[in-house]
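Per-entry structural report
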Amino acid sequence: MATSINGFIDRLRPKQYSRKQPLVLINGLAEQAETWYRNRKYWGRFFEVHAPNILAFEGEALHRRVAAKEPVSVEYLVRQLHTYLDQFVQTPPYHIVSSSLGGKVAVEFAAQYPQLVSRLILICPSGMGDEEKLPIMEGVVGRDALAVVKSVFQKPRLADRDMLRYYKSKFASRRWKTGFLKTVRGTLDHTVRERLKDVKCPALLVTASHDKICCPRTAEEASKDLPHGHFLKIQNCGHAPQIEKASKINRLVVHFLSSPTPTARPSWTQLLLVKPTQRPTA
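Computed from a predicted model, the values in this text were never measured in an experiment. (Residues numbered from 1 in each chain as written. Predicted model: local features only at pLDDT ≥ 70, side-chain atom pairs only at ≥ 80, totals over all residues. Heavy atoms only, no water.)

1. Notes on the packing of aromatic side chains
- Under the counting rule described, the total for this entry stands at eight aromatic pairs.
- Judged by centre distance (5.0 Å) and plane angle (45°), the ring pair of Phe109 and Tyr113 falls under tilted.
- On the basis of relative accessibility, which here comes to 0%, the residue Phe109 falls in the buried class.
- Ring geometry for Phe171 versus Trp176: centroids 5.9 Å apart, planes at 55°, classification tilted. The same class applies to Phe171 and to Trp176, which are both buried.
- Put simply, the rings of Phe57, Phe171, Trp176 and Phe180 pair up and form one aromatic cluster. (Phe/Tyr/Trp six-rings, centres within 6.5 Å; stacked < 30°, edge-to-face > 60°. Buried < 20%, exposed > 50% of the residue type's maximum accessible area, 1.4 Å probe, protein only.)

See the structure below:
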C-alpha cells in the first residue's frame, strides 16, 4: 500500500531536473492546437512533448507546394516530420502519438525509420484499408462548423466552444480552405495497412465504437498486423477520443509509453505507479 501511495505522490510531483523522454504528437485534419488541447499539459509532466506543425492549412510551406502544383501527400508530410526531428530535436528514439490522418504519417515514419521510434500510439488512425468517410468535408465546403463537430464527436456538447468559434473563423478564409482541400485530395487514397507489418516497436491502436470517419471493425482487424501490437476499442466515443475521453486517453498514453510491460487495459495500480520517463544517461 505504501508503494502505491508513493507512486501516486511521484505522479503528482514529477522530477523537474532531468531530461525527459521525447514524445512527438502528429495531428490529423484538425490542426495541432485543436487536436491535443486536452492532452499536452498532462503529458508534458511525464515527457518532453513536441508538436511539429507539419500540417498547417494556412502555412507558407504548404502553399508553396500548392503554388508549384505539387501534392500535399503523406510522403511529403513524412519528410517534413523527419526534417523537423533531424534538424531541431535530435534526441532519438521518439515516442509518437498520432490521430486520424496523422496515423498514416506515423506508420510510414515508423516503417521507414525504425531506429527513430521507441513506441507508437495510433488513435482512430485512417489508412487502415477501409474506404474513409469524410462528413467533415460537407461542413467545410458548406461553412457549417456545427456539422464538422457532429462528424467528429459522438457527443457534440463535449466540444469546446472555442473550437466551434475557431472553425467558423477559418471557414471564412479562402487560403485555409484551399490548404485543407488540397491536403484531403493528396492524402485520402493513401493506405498503410501493408506497412503495419514493418512497424517494429511496441504499438497501440485505439479505435472508438462511434467513429463515423474510420471504421472501428477495420481498425481492429488491422491491429492484428502489428508485430508487437495492442488494441483497444473505446465505447460511446467518436473519432477524437483524445478530446471526448481525454482523462482515459491521457492516463493510457502515459502508461503505454512508460511501462516495461505496456498493455491496452492497465489496472488502476499500474496507472498509479507511472513515473516520468527519463532518458538514460551515458
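2. Details of the sheet that holds strand β5 (residues 203-208)
- Spatially, β2-β1-β3-β4-β5-β6 is the arrangement adopted by the six strands of the open sheet, whose pairing is parallel. Both edges of this open sheet fall to β2 (48-50) and β6 (229-234), since each of them pairs with a single strand only. Mean inter-strand twist for the sheet, computed between neighbouring axes without regard to direction, equals 15°.
- Note that strand β4 (residues 117-123) and β5 share four bridges and pair parallel. Bridge pairing in β5 places Ile123 opposite Val206. (Pairing = 2+ DSSP bridges. Helix = DSSP H or I, 4+ residues; strand = E, 2+ residues; numbered from the N terminus. Axes fitted to C-alpha atoms, helices over the stretch in contact; angles between N-to-C directions.)

3. Focus: unusual backbone geometry
- Residue Pro92 is joined to Pro93 through a cis peptide bond whose omega torsion reads 0°.
- Topologically, Pro93 is positioned in the loop between α5 (74-89) and β3 (94-99).
- Look at Ser100: it is not a glycine, yet its phi comes out positive at around 55°.
- Positive phi, close to 45°, is recorded for Cys124, a residue that is not glycine.
- Relative to the elements of secondary structure, Cys124 occurs in the loop between β4 and α7 (135-141).

4. Some points on α5
- Compared with an ideal rise of 1.5 Å per residue, which puts 16 residues at 22 Å, α5 spans 21 Å between its outermost C-alpha atoms and is within 8% of the ideal.
- Three or more residues of α5 are buried, namely Val74, Tyr76, Leu77, Val78, Leu81, Leu85 and Val89.
- For α5, the elements touching its buried residues are β1 (22-26), β2, α4 (60-67), β3, α6 (101-112) and α10 (174-187). (Expected span 1.5 Å × (residues − 1). Contact = heavy atoms within 4.5 Å.)

5. Some points on the packing of α5 against α6
- Interaxial distance between α5 and α6 falls to 9 Å at its minimum, and their mutual angle equals 65°. Crossing handedness for the pair α5 and α6: right-handed. Counting all contacts with α5, which are made through Val74, Leu77, Val78, Leu81, His82 and Leu85, the residues of α6 involved are Leu101, Lys104, Val105, Glu108, Phe109 and Gln112.
- Counted by class, the contact of α5 with α6 contains eight nonpolar, two polar and two charged residues. (Left-handed = near helix turned anticlockwise from the far one by under 90°. Nonpolar A, V, L, I, M, F, W, Y, C, P; charged D, E, K, R; others polar.)

6. Some points on the side chain of Thr183
- Along the chain, Thr183 falls in helix α10.
- Taking relative accessible area as the criterion, Thr183 reaches 0% and is therefore assigned buried.

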